[in-house]
Amino acid sequence: MQDGALAERCRALKLILTDVDGVMTDGTVLLLPDGREAKSFHIRDGLAVVLAHGAGLKTGLLSGRSSEAVARRAQDLGMAVVRQGVRDKEAALREILAEQAVTAQEVAYVGDDINDLPVMNAVALSAAPADAPFEVRAAAFMVLEAPGGRGCLREFIEAVLRARGEWERADASIGVRLPAGP
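Below is a summary of the structure that appears in this document. (Residues numbered from 1 in each chain as written. Predicted model: local features only at pLDDT ≥ 70, side-chain atom pairs only at ≥ 80, totals over all residues. Heavy atoms only, no water.)

This part takes up unusual backbone geometry. Positive phi outside glycine occurs at Ala101, with the angle close to 55°. Looking at the secondary structure, you find Ala101 in the loop between helix H4 (89–100) and strand S6 (107–110). On the accessibility criterion, Ala101 (65% relative accessible area) is exposed. (Helix = DSSP H or I, 4+ residues; strand = E, 2+ residues; numbered from the N terminus. Buried < 20%, exposed > 50% of the residue type's maximum accessible area, 1.4 Å probe, protein only.)

Okay, here's the thing in structure tokens:
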């Protein structure tokens, strides 16, 4: 991937959307004896969402499953869009575009499986975790080095912010001043 092509796609972004299971989590669903389920989220993905907000980007999730844990995580992170239990992600994307008053060219999406392909193909910038199936990695503009649930959303958001020249500003939004990076 050429840095110039990434920067061009990132400049117009206003919203970063992500799938949950397989991106924000490793895809494991723990079914508890009382019928509830539990999920494990990588803390650096959460900080990346906060950094994106500090850079003026909105974030959200678009998931095929519904979970109290996901709703709580999205609320804790202040995500603007929370769509769970979505069968038709492409239709949900159209609704989100209208509700958020953005175009598909102002949206990025991280997906990990074939049900994410319609959204990945519709938005300006798409990414897939390292462990996504071949078809998803082939469709993604970026294939991340990290697997799902292991910081891939952080890797993606950091790449977006660096490409926009906003990495340092985002860090400053949480009171951190980083040394010059790569």
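Among all positions of helix H1 (residues 3–11), only Leu6, Ala7 and Cys10 are buried. For H1, the arc enclosing every buried residue in end-on projection is 100°, short of the 170-degree limit, so these residues lie on one face. Those residues of H1 that are buried are in contact with strand S7 (125–128), strand S8 (142–143) and helix H7 (152–163). (Arc of directions from axis to C-beta. Contact = heavy atoms within 4.5 Å.)

With that settled, consider the environment of Gly149. Of note, Gly149 is situated in the loop between S8 and H7. On the basis of relative accessible area, Gly149 is assigned to the buried category, the value being 2%. For the pair Gly149 and Asp21, spaced 128 residues apart in sequence, the C-alpha to C-alpha distance is 8.0 Å. Not counting residues within four places of it along the chain, the set of residues in contact with Gly149 comprises Val23, Met24, Thr25, Asp26 and His42.

So, about the sheet that holds strand S1 (residues 15–18). Note on sheets: strands pair through backbone hydrogen bonds, and any given pair is parallel or antiparallel. If you walk across this open sheet you meet the 6 strands as S5-S4-S1-S6-S7-S8, and the pairing is parallel. Either end of the sheet is taken by a strand with one partner, and the two such strands are strand S5 (81–83) and S8. Where S6 lies against S7, 3 bridges are found, and the strand directions are parallel. When the sheet's bridge partners are listed, Val110 is paired in S7 with Ala127. Running over the sheet, H7 touches S1, S6, S7 and S8 and is turned about 160° from S1. (Pairing = 2+ DSSP bridges. Axes fitted to C-alpha atoms, helices over the stretch in contact; angles between N-to-C directions.)

This brings us to the pairing of S6. Burial along S6 is two-sided: the residues Val107 and Tyr109 and Ala108 and Val110 are all buried. Two strands pair when backbone bridges link them, and S1 and S6 are joined in this way by 4 bridges, in the parallel orientation. Directly across from Leu15, in S6, lies its bridge partner Val107. In terms of handedness, the path from S6 via helix H5 (residues 117–122) over to S7 forms a crossover that is right-handed. (Right-handed = clockwise from strand over helix to strand, strands pointing away.)

In regular strands, side chains alternate between the two faces of the sheet. Because side chains alternate across S7, one face comprises the buried residues Leu125 and Ala127, and the other comprises Ser126 and Ala128, equally buried. Sheet topology places S7 next to S8; 2 bridges connect them, and they run parallel. In the sheet register, Ala128 faces S8, and the bridge partner there is Val143.

On their own, these measurements won't tell you what the molecule is for.
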